[in-house]
Structures are given as C-alpha cells and as structure tokens.
2 protein chains.
Amino acid sequence: MNYQEAGVDIDRKAGALRAAAQKIKATYTPQVLRGIGAFGGMMEASRLKEMAAPVLVASTDGVGTKTLLAAQTGRYGGLGFDLVHHSVNDLLVQGARPLFFMDYIASARLEAEVLAAVLESLAEACKAVGMPLLGGETAEMPGVYHEGGLDLVGTIVGVVDKDKIVDGAQVQPGDVLLALPSSGLHTNGYSLARKVFAGWNLEEPRPQLGGQSLAEALLVPHRCYLEEVDLLQREGIEIRAMAHITGGGVYENLPRVLPQGLGAEIRRGTFPVPPIFELIQRAGNVAEQEMFRVFNMGLGYILVLSSDMASGAGTLLTQSYPVGYIMEGSGIKVV
Amino acid sequence: MNYQEAGVDIDRKAGALRAAAQKIKATYTPQVLRGIGAFGGMMEASRLKEMAAPVLVASTDGVGTKTLLAAQTGRYGGLGFDLVHHSVNDLLVQGARPLFFMDYIASARLEAEVLAAVLESLAEACKAVGMPLLGGETAEMPGVYHEGGLDLVGTIVGVVDKDKIVDGAQVQPGDVLLALPSSGLHTNGYSLARKVFAGWNLEEPRPQLGGQSLAEALLVPHRCYLEEVDLLQREGIEIRAMAHITGGGVYENLPRVLPQGLGAEIRRGTFPVPPIFELIQRAGNVAEQEMFRVFNMGLGYILVLSSDMASGAGTLLTQSYPVGYIMEGSGIKVV
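Residues numbered from 1 in each chain as written. Chains lettered and ligands numbered in written order. Predicted model: local features only at pLDDT ≥ 70, side-chain atom pairs only at ≥ 80, totals over all residues. Heavy atoms only, no water.

## Points about the interface of chain B and chain A
Next, step 1: Listed per partner, the contact involves 67 residues of chain B and 67 residues of chain A.
Next, step 2: Summed over both partners, the interface of chain B with chain A buries about 5,500 Å², with 58% contributed by carbon and sulfur atoms.
Next, step 3: Interface area lost by chain B to chain A is led by B:F39, B:L56 and B:R256, which between them contribute 16%.
Next, step 4: In this structure, the connection of chain B to chain A is made through two salt bridges.
Next, step 5: A salt bridge links B:K162 to A:E44, with the nearest nitrogen and oxygen atoms 3.3 Å apart.
Next, step 6: Counting residues per element, the side of chain B that touches chain A draws most heavily on strand β3 (residues 54–62) of chain B, which supplies nine residues.
Next, step 7: When grouped by side-chain class, the residues that make up the side of chain B that touches chain A number 33 nonpolar, 22 polar and twelve charged.
Next, step 8: Pairing between strand β3 (residues 54–62) of chain A and strand β2 (residues 41–44) of chain B: four bridges, direction antiparallel. Bridge assignment links A:V55 to a residue of β2(B), and that residue is B:E44. (Contact = heavy atoms within 4.5 Å. Buried area = accessible area lost by both parts, 1.4 Å probe. Salt bridge = Lys/Arg side-chain N within 4 Å of Asp/Glu carboxyl O. Helix = DSSP H or I, 4+ residues; strand = E, 2+ residues; numbered from the N terminus. Nonpolar A, V, L, I, M, F, W, Y, C, P; charged D, E, K, R; others polar. Pairing = 2+ DSSP bridges.)

The following block contains the structure:
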C-alpha cells in the first residue's frame, strides 16, 4: 500500500499535503525509479555493485510515546527528525550508511495538518542525510488506536562493505569510551517522563531548563551522529565499536557491541547531563541507577577507541567526552 | 530497536516466545550475518552483485483492522501469513523477488501468547518463501492503542534486475486480463465487513459459506502468488503488467500499472466470487460497484498478457481465469 491506497490521496487533499508530497519528492536522487504511488518504491543499487561484498543492513523503529507529548502540545514537527535520526544512528553502529527510508503513520483518524507536519519533518530529515523517503503507508484505524493516539514507525535500509563492518571484535581492555552528547531524551523514556510531569504546565518557561518550557525540552529532536562518524572515518580514525544509547540506557546498549568477557566503567562528572534529566530525577524522585537504565543521560552515542585514536578523535570533534574505559569482566558500571 | 530493547527479552519470556525465536532463526539463510538482537539486521547481498543493474524494491504494509477480528476470535495464527503474502505480492507486481522482511508489532500490552502466535506465523510465512525475517520491533503503548487493539506492519525489501522490471509499458488494447483467485478478503475491507456482521455469531457454521463459520471465512489468510508468477516466468511467459488487488479493488489497483490512455473491461461471471462476498453484499445491502471498490471480489492478482501468452499461461496454471481485456480509454469497467 501507499499514501494513495490508504485513502490519503495527496492530490485530493489540502495544500498542506501537496507541500509534503513535494518535500518527499525532493528527497529523490537520480537512483530512485519509483517513489510514492507505486506498489513498491524502487531504487537503483549501483553503489552496491562497486563494493567487494555489499551487506544490506536494516532496522525498524518507532518513536514510541513521544507522539503523545507531540499530540498534547500540538508540536508534531520534530517527530520525523526523531525517527530518521534514531534509525540512521542504529545503522551507523555497524558501520553502515543509509540507502533509503520507509515510513508508517497510523492513528484513529489522520488530520491533514498533522499528517503533513509529520511527513514534512520525515522528508526534511531524510533530505538532510541524502536518503530518499522511498515509500510508506498511512492507516486510519479507530478501533485500534485511541482518539489522538498516533504511531510513527520507520524502516531504514543501508549498506556496508563486509570488511568495513564495525563489530567490536578488536575492542581491548583499556580502550576509551568517547561519548557524543545527546540533545535530551531522544526517543526513549517518555512513559516515565510523562508520568513524572503529569499535571505540570508544559508551556511555562522554567529557569531550571535555562528558560525552556517542558514541552520544548522534552520534544527537542533526537540527534543524528552521521556527520561525526563520517568525519572520523574520513580522517582515518579506527573505530572499534559504537553504541547508540536508546531504551535500556548504557546498561543495555553498550554490552550489545562488546565481545564476551569485556565490560565498561563510566565515570559520572566526565560528561554534561542535560538539565531535563536532573529535573525528571528530582521531580519524580527516581534513583540514579534507574535514570541510567531508562534515559541516555546525555550519552547519545558512544565510540570505543584505542587511547591513541581517542585523543585524535577528540581533537577532530567539536563536542566529545572521554567518559570511561573498557574493563575485563562484564556489565557496565556507572561510578 | 529490536525485540530485546523493547523489553520483550525472548530469553526471559515463556517457552512460547522461545519457540517463536527458533522459528525466526530458522528463516535465516547463510547470507544473514546478524538477526534479532543486533542494532540492525545484516544480510550479504551477493545476489545483487551478479545482476547487471540491481534495483532494490521496498514496500511497507499493514494488515489493517483484520487484527480486530483476530483479537475478537482469539485466532492470531493467520496474521503473519496475511502480512507476508500481501508484501510479497506487492513486490511481484514490479517483477521483483524478496530479499528480507522486517516486522513491527504494537499494542497497549503484548501478551506473550499473542506475540508468539503472530511471530510464529510471520516466521513460517517468511520461511515458506525463502526470505529471512531479519529484524523487527515490538512496542507496548497503552496511551496510543486501545486495550486489545493490535497493529501489525511490515516492510519487505526485494530486488529486480533493471531490464526485468515489469512496468506495463508494453500493454496493448486487446491484451487479456488473467486473474488468479483470491482466498477471500485478504487484508482489505475489514472495516466494512465488521460493520456488516456486528452482532452476528462468528463461530456458527453457515451453509452459505459451505459450512464454514464467519470467523473462518473472514480470517482465511491472504494468498501469495509467488509460485504462479515464478512458474510463468520460468516457462518463458512474457508478462506485460501485474496488479495486486488490495484496498480500492480493481478500480484503483489496475490503473496503477496501465499506461496512460488504456483502461480495462472486466466481465462478471468469468471468475468465481467467494461466497463470503455474496454474504457481505446481501447482509449489508451493499451496491455492486461499492463491493468492487472495497473488496477484491475473488480477483486476487491480475496478469496482463498478450492473447497468445494468456492461453499458454492458462494451460500452465491450475487456477486462472481470463476475466477481461485491455481497452482504449481510461478507467476500469465491470460489466
């Protein structure tokens, strides 16, 4: 199915949706043979022919209950960036680069303005990383979704040459964890955050957030780490492993890319924790360990590098923090 | 994200989910380098290297409100087949063949037994067409989904060599429409069907349905046309266009693959209409044209062939029906 089949005929809808369709088309590269409207989106894979052993990499993700906060505040314009950036980061971890993106937007009823805002943000985010939004599906299912409930899901497909896969095999005890900062919650922990702030005024500027409102601080889009990883690899920095810190925090995401028998220690105070996390922790009386299990706590993306490479990388990057080390043993300790 | 991140740690759940994980792993071919548990699923694309000009084809789809009927009757075991077959057919239309599949399952709360039933059916359907279930995502969002409401969405990625793309360019007036029968509603028209049968006993055997119950007749899985299309292409039958008849029926799906200036005429009585459609039409007092707009009416998949090729195809296929012709003009007439 596609936007037309689902009854959301872009040509028949308001100017808002026409503008979104234009933005989607603007993501198309010359490799795109068929986009929205076809049974399947089509893209020439000439890039793969040039690789010695191309490996396709794919990830499916949603933005979770961040949509509820978007609905509550009427701010839908960041959700597309959230989804696309989350997805690109998941590919990056294995050394892959994006080829194309597919989206799914569903609700009880899709207002044209909401759909347009989400589609435009998806298209803009895709365009910024040079990735066509090749197709998608919309669905209106009042029996499945709550009124106002929206789900936003996407599948990213990318590619990496087999000998360029980053798989953690070279990670050694003593390797440095170099963290790239997050912009805030990214797309995880919204169930807890919404519970903590239930009944709070979301639009009131708050000094603890540097004058931002809760709505602004909570909805700031997920950061994309493509540029940083591109820069490091272009400059010959050998990256031994990478982890995208999503649901489960450092405790669950870092071990996924480390070899058996290795763990890591992360030191508090070596990296900035965005003020929104401190507010959540205080307002919700949440234990520190729980905070690190639910949220990224400022650690958006972690690179594992030899100490030599880490100092090289540190001088190349505008914002990066050596936050800890790889250790013998297993598990992640935050000390 | 993946099953682990989403809190559905397969190892920690009951035997039901372990069995599903085994079935998912059984879909993996030697080309699969990473499956569930990784940030992204990975698959070697050696097949693409052998093609002159490989084109990736992708489609994202959901099974819509068929999930509500599954929930109502506790029969979830067909949904995976519905989603996978729908997706495979969408690729076939353009001449592509499946490479891999990604799924998304979301609900207010995911019962282990329901999740296992859906995952197992997805895995079995993927296995049967030789396609790895490379990854997926599960989400529990009580604020977004109704209690018992379930959404099941998937993205299929396939490939076709550029000169093998079936694009309708060779379609001529007089070409034959050869229909492959559907098994029933497939994955479209459930909102109307559920409305028509609201309050009916779904489990009672009905003589009008050859002794089947409504639940059985309505939940029969979407058919897959891969085998038929494979057979025809292997035997040298030149297929000029193909349409998968989904939402919007023949009226909306057939024109999508015909060149400008061509339409088609379909003749009633040339193909069997499954009894469930006659029951819906009578019980709901639905106009004939509306039936053909909402449902496939027995026309699951339509091949457009020269008349010579059509008779050749007809002898090769066990079940196929010449149901009409390509005409000058535009639009689809059912006469």
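Having put the structure on the table, let's press on.
## Looking at the relation of the copies chain B and chain A
Next, step 1: Mapping chain B onto chain A is achieved by rotating through 180° and translating by 0.0 Å along the same axis, at an RMSD of 0.0 Å. What the rotation and shift describe, once combined, is the action of a two-fold rotation axis. For chain B, the residue whose C-alpha comes nearest the rotation axis is B:Y145, separated from it by 2.2 Å.
Next, step 2: When you check the interface residues of chain B against chain A, 100% turn up at the interface there too, and the contact is symmetric in its surfaces. (Least-squares fit on C-alpha atoms with pLDDT ≥ 70 in both.)

## Here we look at unusual backbone geometry
Next, step 1: Phi is positive for A:N285, close to 50°, though the residue is something other than glycine.
Next, step 2: Counting through the fold element by element, A:N285 comes out in the loop between α10 (275–284) and α11 (288–294).

## Section: the sheet that holds strand β5 (residues 133–140) of chain B
Next, step 1: Strands sit in the order β1(A)-β2(A)-β3(B)-β6(B)-β4(B)-β5(B) across an open sheet of six strands; the sheet is mixed. Lying at the two open borders of the sheet, with one neighbouring strand each, are β1 (32–34) of chain A together with β5 of chain B. On average, adjacent strands in this sheet sit at an angle of 20° to one another, irrespective of strand direction.
Next, step 2: Sheet topology places strand β4 (residues 97–107) of chain B next to β5(B); seven bridges connect them, and they run parallel. Note on β5(B): the bridge partner recorded for B:F101 is B:L133. (Axes fitted to C-alpha atoms, helices over the stretch in contact; angles between N-to-C directions.)

## Thoughts on the domain arrangement of chain A
Residues and elements named next belong to chain A.
Next, step 1: Segmentation of chain A into domains returns domain 1 (3–161) and domain 2 (175–334).
Next, step 2: Taking only C-alpha atoms into account, the centre of domain 1 sits 25 Å from that of domain 2.
Next, step 3: Between domain 1 and domain 2, the buried area comes to about 2,200 Å², and carbon and sulfur atoms account for 63% of it.
Next, step 4: At the junction of domain 1 with domain 2, the criterion picks out two salt bridges.
Next, step 5: Two residues, D230 and R97, come together in a salt bridge whose shortest N-O distance is 2.8 Å.
Next, step 6: Our count for the contact surface shared by domain 1 and domain 2 stands at 15 residue pairs in polar contact (both at pLDDT 80 or more).
Next, step 7: Listed by contribution, the elements that provide at least two residues to the side of domain 1 that touches domain 2 are α3 (66–73) and α4 (79–92).
Next, step 8: Looking at which element gives the most residues to the side of domain 1 that touches domain 2, the answer is α4, with eight residues.
Next, step 9: Residue composition of the side of domain 1 that touches domain 2, by class: nine nonpolar, eight polar and five charged. (Domains from an automatic or database assignment. Polar contact = N/O pair within 3.5 Å; in protein donor to acceptor, adjacent residues only side chain to side chain.)

## Remarks on the state of the cysteines
Residue and element names in this part refer to chain A.
Next, step 1: Counted under the stated rule, the structure contains zero disulfides over all chains.
Next, step 2: With no disulfide of its own, C224 lies 11 Å from the sulfur of C126, the closest cysteine sulfur.
Next, step 3: According to the relative accessible area criterion, C224 is buried, its value standing at 17%. (Disulfide = S-S within 2.5 Å. Buried < 20%, exposed > 50% of the residue type's maximum accessible area, 1.4 Å probe, protein only.)

## Comments concerning the UniProt feature "domain: PurM-like C-terminal" (unreviewed entry) in chain A
Next, step 1: Residues given the UniProt feature "domain: PurM-like C-terminal" (unreviewed entry) here are residues 172–309 of chain A.
Next, step 2: Annotation note: span residues 172–309 of chain A, helix share 34%, strand share 16%, distance between end C-alpha atoms 13 Å. (UniProt positions renumbered as here; feature names shortened; annotations may be inferred.)

## Quick notes on the nonpolar core
Next, step 1: A:L122, A:L254, A:I266, A:I276 and A:L303 are the most contacted members of the largest nonpolar core, which has 103 residues in total.
Next, step 2: For this core, the element with the highest residue contribution is helix α5 (residues 112–128) of chain A, accounting for ten residues.
Next, step 3: Split by domain, this core shows at least three residues from each of two domains, domain 1 (3–161) and domain 2 (175–334) of chain A.
Next, step 4: With 102 residues, the next largest nonpolar core counts B:V57, B:L69, B:V84 and B:A264 among its residues. (Core = buried A, V, L, I, M, F, W, Y, C linked by side-chain atoms within 4.5 Å.)

## A short note on the pairing of β5(B)
Next, step 1: Burial of β5(B) is extensive: seven of the eight residues sit out of reach of the surface.
Next, step 2: Taken together, β4(B), helix α5 (residues 112–128) of chain B and β5(B) form a β-α-β motif whose crossover is right-handed. (Right-handed = clockwise from strand over helix to strand, strands pointing away.)

## Concerning helix α4 (residues 79–92) of chain B
One turn of an α-helix holds 3.6 residues; hence residues three or four places apart share an orientation.
Next, step 1: Taking 1.5 Å of rise per residue, the 14 residues of α4(B) would be expected to cover 20 Å, and the 20 Å separating its terminal C-alpha atoms lies within 8% of that figure.
Next, step 2: Burial within α4(B) is extensive, with 13 of its 14 residues counted as buried. (Expected span 1.5 Å × (residues − 1).)

## What to know about the UniProt feature "domain: PurM-like N-terminal" (unreviewed entry) in chain A
Next, step 1: The feature "domain: PurM-like N-terminal" (unreviewed entry), as given by UniProt, occupies residues 56–160 of chain A in the numbering adopted here.
Next, step 2: Span residues 56–160 of chain A is 37% helix and 35% strand, its end C-alpha atoms 7 Å apart.

## Quick look at the sheet that holds strand β8 (residues 241–244) of chain A
Residues and elements named next belong to chain A.
Next, step 1: Here we have six strands laid out as an open sheet, ordered β8-β10-β7-β11-β9-β12, and mixed in their pairing. Whereas interior strands pair on both sides, the edge strands pair on one side only; in this sheet they are β8 and β12 (332–334). Neighbour to neighbour, the strand axes of the sheet diverge by 25° on average, direction disregarded.
Next, step 2: Examined bridge by bridge, strand β7 (residues 176–181) and strand β10 (residues 299–305) share six bridges and lie antiparallel to one another. Paired with L178 across the bridge in β10 is L303.

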